[in-house]
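Each chain, letter by letter, is given below.
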Amino acid sequence: MGSHARPNRLHRTGARVATVALFGGAVLPIAAGGLAQADTAPVTHSAGETDRVRTDTPASADRTRSAAETRSGSQDVPDTALANAYLLDARDGSQEREMWAGAEADRSVPMASTTKIMTALVVLRHPEWLDRRITVKQEYRDYVQENGASTADLQTGDTLTARQLLHAMLIPSGGDAAMALADGFGTGDTMDARIADFENRMNAEARQLGMTGTHFDSFDGISHGDNRSTARDLAELGQRAMLQPVFADIVKTKKFETEAPAANGHTRYYTWVTTNDLLSSYDGALGIKTGSGTEAGYSLVFAAKRDNRTLVGAIVGADKEVFADAAKILDWGFAH
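Rules used throughout
Here, residues in each chain are numbered from 1, in the same order as that chain's written sequence. The predicted nature of this model means local features are confined to residues of pLDDT at least 70 and side-chain atom pairs, given and counted, to a pLDDT of 80 or more, with totals for whole chains, interfaces and linings taken over all residues. Each side-chain value is derived from all of the structure's non-hydrogen atoms; neither hydrogens nor water enter the calculation. Starting at the N terminus, helices and strands are each numbered in turn, a helix being any DSSP run of H or I of at least four residues and a strand any DSSP run of E of at least two. In this scheme, a residue with accessible area under 20% of its type's maximum is buried, one over 50% is exposed, and one in between is partly exposed, where area comes from a 1.4 Å probe on protein chains only. Here, residues are in contact when the closest pair of their heavy atoms is within 4.5 Å. Only the protein chains shown count as cover for residues, with accessible areas throughout obtained via the Shrake-Rupley method and a probe of 1.4 Å. Expected helix span is given by 1.5 Å per residue-to-residue step, counting one fewer step than there are residues. By definition here, a salt bridge exists when the distance from a side-chain nitrogen of Lys or Arg to a carboxyl oxygen of Asp or Glu is within 4 Å. At least two DSSP bridges between two strands are needed for those strands to be called paired. Throughout, nonpolar core names a set of buried Ala, Val, Leu, Ile, Met, Phe, Trp, Tyr and Cys residues whose side chains join them through atoms within 4.5 Å. Axes here refer to lines fitted to C-alpha atoms; in helices the fit is confined to the stretch in contact. Angles between the N-to-C directions go from 0 to 180 degrees.

The next thing to look at is the overall build of the protein. Helix and strand content of the protein: 11 helices and 13 strands. Out of the 336 residues belonging to the protein, those deemed buried represent 57%. Taking all contacts inside the protein whose residues are at least 6 apart in sequence as the whole, residues at least 24 apart take part in 65%. Within the structure as shown, the protein displays about 13500 Å² of accessible surface, and the carbon and sulfur contribution to it stands at 47%.

Another point: helix α7 (residues 191-208). Given 3.6 residues per helical turn, the α-helix brings residues three or four places apart onto the same face. Counted at 1.5 Å a residue, the expected span for α7 with its 18 residues is 26 Å, and the 26 Å between its end C-alpha atoms agrees. Along α7, the positions that sit buried rather than exposed are Met191, Arg194, Ile195, Phe198, Glu199, Met202, Asn203, Glu205 and Ala206. Tucked into the core, α7 has its buried residues touching α3 (116-124), α4 (138-147) and α6 (175-185). Following α7 by one or two positions, Gly210 adopts a phi angle in the positive range, close to 75 degrees.

This part takes up the pattern of salt bridges. Summed over all chains, the structure comprises 16 salt bridges. Here Asp106 makes a salt bridge to Arg232, at a shortest N to O gap of 2.5 Å. Of the two residues, Asp106 is situated in the loop between β4 (97-101) and β5 (109-110) and Arg232 in helix α8 (residues 231-241); the sequence distance between them amounts to 126 residues. Exposure remark for Arg232: the relative accessible area of 17% places this residue in the buried category.

Among the five residues in strand β3 (residues 85-89), five count as buried, and that is most of the element. Across the two faces of β3 the burial is the same, with Ala85, Leu87 and Asp89 and Tyr86 and Leu88 all buried. The sheet contact formed by β3 and strand β13 (residues 309-318) spans five bridges and is antiparallel. Bridged to Leu88 within β13 is Val312. Relative to β4, β3 is paired through four bridges, and the arrangement is antiparallel. Residue pairing across strands places Tyr86 opposite Ala101, the latter belonging to β4.

On to the nonpolar core. Within the largest apolar cluster, 68 residues are counted, with the highest numbers of intra-cluster contacts made by Met118, Leu154, Leu166, Phe247 and Ile288. Apart from residues lying up to four places away in sequence, Leu166 is in contact with Ala120, Val123, Leu124, Leu130, Leu181 and Ile250. Core analysis: the second largest hydrophobic core is formed by 24 residues, Leu82, Tyr298, Leu300 and Trp332 among them.

On to the sheet that holds β4. Taken in spatial order, the five strands make up an open sheet running β4-β3-β13-β12-β11, and their pairing is antiparallel. Pairing within the sheet leaves two strands with one partner each, and these edge strands are β4 and β11 (285-293). Sheet twist, expressed as the average angle between the axes of neighbouring strands with direction ignored, equals 10 degrees.

Another aspect to go through is helix α11 (residues 323-334). Between its terminal C-alpha atoms α11 stretches 16 Å, which fits the 16 Å expected from 12 residues at 1.5 Å a residue. The buried fraction of α11 is high, at 11 of 12 residues. Of the residues making up α11, those classed as buried are Phe323, Ala324, Asp325, Ala326, Ala327, Ile329, Leu330, Asp331, Trp332, Gly333 and Phe334.

So, about unusual backbone geometry. The residue Ala112 is not glycine, and still its phi comes out positive at about 55 degrees. The phi angle at Asp153 is positive, at roughly 55 degrees, despite the residue not being glycine. Its place among the elements puts Asp153 in the loop between α4 and β7 (159-161).

Right under this line is the structure:
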């Protein structure tokens, strides 16, 4: 479980576009490990056109039916064959109510880049960190190249704030940005020590939140053998993360443009495009985070709001892209 092998795709975790330009007299488009494209280019992490068509919501036979009854064989369930999935009603944000749990909603499996939700939450526990500047190291670029990780195409020597790095990590799923945050906010004399300390904080946060089926050995989802979670844990983590206004604002963003001081004194312009197809295909979608990998499969933590109701769900370790299934689960939830 959790090897460094990669699927035959352009990336591991669903990152789609990271466009960088350096302005100092001339505009220089810089490819993101071969991924940079025009904003109108076809996406590389999308459900097929047939997958984008959501099925009609099944009629509700009994809206008070318990989750236990749902799991025991009721026909009044979302129109999906996924077992490792979970849906909750976030109510007013301070409470949550289980709506539906798949048969394997509590099974721990690799979670790929949905890991980055916890990376972000650890950073956001310290609002004073958001404006701290971190200089991009060559090691961050080497890491994504060596591991085939998704990238925000951060350029060596550029200086970005933690707030910008959160955008770079959560929108195009940049593993380089995740590494910058772990290295920048962990404690220790070496990079390895700082990253290990940051991952320890991730696990401490998981314990505090009662995520009993979760363990982190990675800051971005590239596992070293024991990076795993459950659909229930991830949905509840997503719900808690959405209580953070900075997080909620970032993960609903389809495209983000920013600039940063470059090492040569010029200004670097970055453009990051979301990996989350739900934001453009599902009415009321709010985010949250995609993930994919050869052994991890496809994962998605998702949220949507309609008629003053917010639903949060998770799908983990599916064998196909999961946007269409997430839409079906949300349709069912809003009908109940």
